[in-house]
Amino acid sequence: MFVATHNGPQFVCGQAPPVDGPMGQRGTYAIQCALQALWLRRNLGARSLADFASEATFDVKPCLLHGLESAPPISVSLSREDGLLYYKQMQTIRRMELKADQLYKQKVIRGFCHLYDGQEACGVGIENAIKPTDHLITAYRVHGIAYLRGVALKSILSELTGRQGGCAKGKGGSMHMYFKNFYGGNGIVGAQVPLGAGVAFALKYQGLDSLCVAMYGDGAANQGQIFEAFNMASLWSLPCLFVCENNQFGMGTAVERASANVDYYQRGDYIPGIKVDGMDVLCVREATKFAADFIRSGKGPMLMELETYRYHGHSMSDPGVSYRTREEIKEVRTKSDPISLLRDRLVGSGLSSVEELKEIDVKVRGEIEEASQFATSDPEPPLSDLTSHIYKTSLNSCIRGITPWQQLATA
């Protein structure tokens, strides 16, 4: 195995130095990973582009339908370029969430923290089937979606560590991340769904050829406000794709114990629905394209259920093994892991090689470690930021503090 050394200690590339270690060790990690990538290219039989297939076709699991006469295709094409992109995106999310886990356990990240590992195919499949001009809103398991929408890795991790370089200036934390055409990150269970319907209403009102993806989990699926949003979206034929990420557990409660009807794709009633294999990025991509075409044609909203699984507990305060067994989690990792499935397809079809994918893995680890270093060294926001960004344009020079006579300057 390739081992990079620095001043005596040995680090196997792909295993980050401790966050509280010497800055020299941590700062050279990206260089070490670059050296490993170079070694892989030189010693593991690097191949030219001509050696790889440019495109391949795969069969995916058929979707279950509700109120529809046609379905997404079950035979889908994947280009080499797209395959490598999806692989890197999923690996980046996986590694970012594992880094967040590490920083949380080291008490560098505080408060709520909900991780997305295991569900990467959902976000990656959706993002690569819609347009940058489309809009998206989701719940609090948001880190991976924020990255896919365009938020830089260092801005995500800095937000998690409460630093001023975070995408919300360190004020939002794990659950509140925003970007252009991306509305978070919402901490109230199910509250983002009617907001998503409102965004879709605005898009229709303005005559824009865009749609809004409103994502929620199975734990929010029984919220009354969701059904109110369904009703209004159907009445007004709003361009909204409602997405239920069914990861089998609402906090620690299995779906069968929480819902009388666990066929979430049917629960829009008068809204057409599809149930999709959420562990297969190609299946999610094709289903989302199908739904987006339906919505853009003016036929109104659609409901899509993604059957998926989270590897971590509900949040970092939940060990995740009191209501399911370690054997269950291991079985899903072994048989249904979204990254492993795509890796096997890329290698088996000749779109890529094991060596090339290892290079991507090494590069991703280096990028995550670099972002982590920034997130742990960036300054915390000053106290004066407490009263900034309250209004887009400040109405007054001061606002009330915790008492009427305490006036705080605002920018």
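The structure presented is a predicted model; accordingly, all values stated were derived computationally and were not measured. (Residues numbered from 1 in each chain as written. Predicted model: local features only at pLDDT ≥ 70, side-chain atom pairs only at ≥ 80, totals over all residues. Heavy atoms only, no water.)

1. What about the overall build of the protein?
Thinking step 1. Regarding its fold elements, the protein presents 13 helices and 14 strands.
Thinking step 2. In the protein, the share of contacts with a sequence separation of at least 24, taken over all contacts with a separation of at least 6, comes to 71%.
Thinking step 3. Within the structure as shown, the protein displays about 18,900 Å² of accessible surface, and the carbon and sulfur contribution to it stands at 54%. (Helix = DSSP H or I, 4+ residues; strand = E, 2+ residues; numbered from the N terminus. Contact = heavy atoms within 4.5 Å. Areas by Shrake-Rupley, 256 points an atom, 1.4 Å probe, with all protein chains shown as cover.)

2. Quick notes on the side chain of Asp 337
Thinking step 1. Relative to the helices and strands, Asp 337 is located in the loop between α11 (326-336) and α12 (338-348).
Thinking step 2. Polar contacts involving the side chain of Asp 337 include one to the main-chain amide nitrogen of Ile 339, which spans 3.1 Å.
Thinking step 3. Apart from the residues lying within four places of it in its own chain, the contact partners of Asp 337 are Arg 94, Tyr 311 and Val 332. (Polar contact = N/O pair within 3.5 Å; in protein donor to acceptor, adjacent residues only side chain to side chain.)

3. Some thoughts on the environment of Met 251
Thinking step 1. When you line up the elements, Met 251 lands in the loop between β9 (249-250) and β10 (253-254).
Thinking step 2. Residues Met 251 and Tyr 323 lie 72 residues apart in sequence; the distance between their C-alpha atoms is 9.6 Å.
Thinking step 3. When residues no more than four places from it in sequence are discounted, the contact partners of Met 251 are Arg 310, His 314 and Tyr 323.

4. Some details on the nonpolar core
Thinking step 1. Core analysis: the largest hydrophobic core is formed by 68 residues, its most contacted members being Ile 126, Val 213, Val 276, Met 302 and Met 304.
Thinking step 2. For this core, the element with the highest residue contribution is helix α10 (residues 281-299), accounting for 10 residues.
Thinking step 3. Ignoring any residue separated from it by four or fewer positions in sequence, one finds Ile 126 in contact with Leu 136, Val 213, Met 215, Val 243, Val 284, Thr 288, Met 304 and Leu 306.
Thinking step 4. Of all hydrophobic cores here, the second largest spans 23 residues; its members include Ala 197, Ala 220, Cys 244 and Ile 271. (Core = buried A, V, L, I, M, F, W, Y, C linked by side-chain atoms within 4.5 Å. Buried < 20%, exposed > 50% of the residue type's maximum accessible area, 1.4 Å probe, protein only.)

5. So, the confidence of the model for the protein
Reading predicted coordinates in detail is not appropriate for stretches of low pLDDT.
Thinking step 1. Counting all residues, the mean pLDDT for the protein is 90, and 89% of those residues have values of 70 or more.
Thinking step 2. This stretch, residues 1-24, has a pLDDT under 50; its non-local contacts, to residues over four places away or in other chains, come to 45 contacts. (pLDDT = per-residue confidence, 0-100.)

6. Some words on the pairing of strand β8 (residues 240-246)
Thinking step 1. Among the 7 residues of β8, 7 are classified as buried, and the element is accordingly described as predominantly covered.
Thinking step 2. Burial of β8 is two-sided: the residues Cys 240, Phe 242, Cys 244 and Asn 246 facing one way and the residues Leu 241, Val 243 and Glu 245 facing the other way are all buried.
Thinking step 3. The sheet contact formed by strand β7 (residues 212-217) and β8 spans 6 bridges and is parallel. Among the inter-strand pairings, Cys 212 is bridged to a residue of β8, identified as Cys 240.
Thinking step 4. Following the backbone out of β7, through helix α8 (residues 224-235) and into the adjacent parallel β8, one traces a crossover that is right-handed.
Thinking step 5. Relative to strand β12 (residues 302-307), β8 is paired through 6 bridges, and the arrangement is parallel. Its bridge partner being in β12, Val 243 is matched across the sheet by Met 304. (Pairing = 2+ DSSP bridges. Right-handed = clockwise from strand over helix to strand, strands pointing away.)

7. What to know about a nonpolar patch on the surface
Thinking step 1. A contiguous nonpolar surface patch, about 610 Å² in accessible area, is contributed by Phe 201, Tyr 205, Met 232, Leu 235 and Trp 236.
Thinking step 2. Every element with two or more residues in the nonpolar patch is listed here: α7 (192-205) and α8.
Thinking step 3. Mapping Met 232 onto the fold places it in helix α8.
Thinking step 4. By relative accessible area, Met 232 is classed as partly exposed at 40%. (Patch = residues over 30% accessible without salt bridge, like charges linked within 9 Å, V, L, I, M, F, W, Y side chains within 5 Å. Salt bridge = Lys/Arg side-chain N within 4 Å of Asp/Glu carboxyl O.)

8. Looking at α10
Thinking step 1. Taking 1.5 Å of rise per residue, the 19 residues of α10 would be expected to cover 27 Å, and the 25 Å separating its terminal C-alpha atoms lies within 8% of that figure.
Thinking step 2. For α10, the N-terminal cap is Asp 280; the gap from its side-chain oxygen to the backbone nitrogen of Leu 282 is 3.0 Å.
Thinking step 3. Within two residues after α10, Gly 300 carries a phi angle of roughly 95°, on the positive side. (Expected span 1.5 Å × (residues − 1).)

9. With respect to the pattern of salt bridges
Thinking step 1. Evaluation of the coordinates by the stated rule reveals 13 salt bridges.
Thinking step 2. Among the salt bridges present, the one from Asp 134 reaches Arg 296, with a minimum N-O distance of 2.5 Å. You can see Asp 134 sitting in the loop between α4 (120-127) and β6 (135-137) and its partner Arg 296 sitting in helix α10, a full 162 residues away along the chain.
Thinking step 3. In this structure Arg 296 comes out as partly exposed when scored by relative accessible area, which is 24%.

10. Side note on the environment of His 114
Thinking step 1. Structurally, His 114 can be placed in the loop between α3 (80-105) and α4.
Thinking step 2. For the pair formed by His 114 and Ser 317, sequence separation is 203 residues and the distance between their alpha carbons is 9.1 Å.
Thinking step 3. Residues in contact with His 114, not counting those within four places in the same chain, are Glu 97, Tyr 140, Arg 141, His 143, Ser 174, Met 175, His 314 and Ser 315.

11. Some points on the sheet that holds strand β4 (residues 64-66)
Through backbone hydrogen bonds, the strands of a sheet pair up, either in parallel or in antiparallel fashion.
Thinking step 1. The 6 strands are arranged β4-β11-β12-β8-β7-β6 in an open sheet whose pairing can be described as mixed. Here the strands that pair on one side only, and so sit at the sheet edges, are β4 and β6. The average undirected angle you get between the axes of adjacent strands in this sheet is 20°.
Thinking step 2. Packed onto the sheet, α7 meets β6, β7 and β8 and runs at close to 175° relative to β7.
Thinking step 3. With respect to the sheet, α8 is in contact with β7, β8 and β12, its orientation differing from that of β8 by roughly 150°. (Axes fitted to C-alpha atoms, helices over the stretch in contact; angles between N-to-C directions.)

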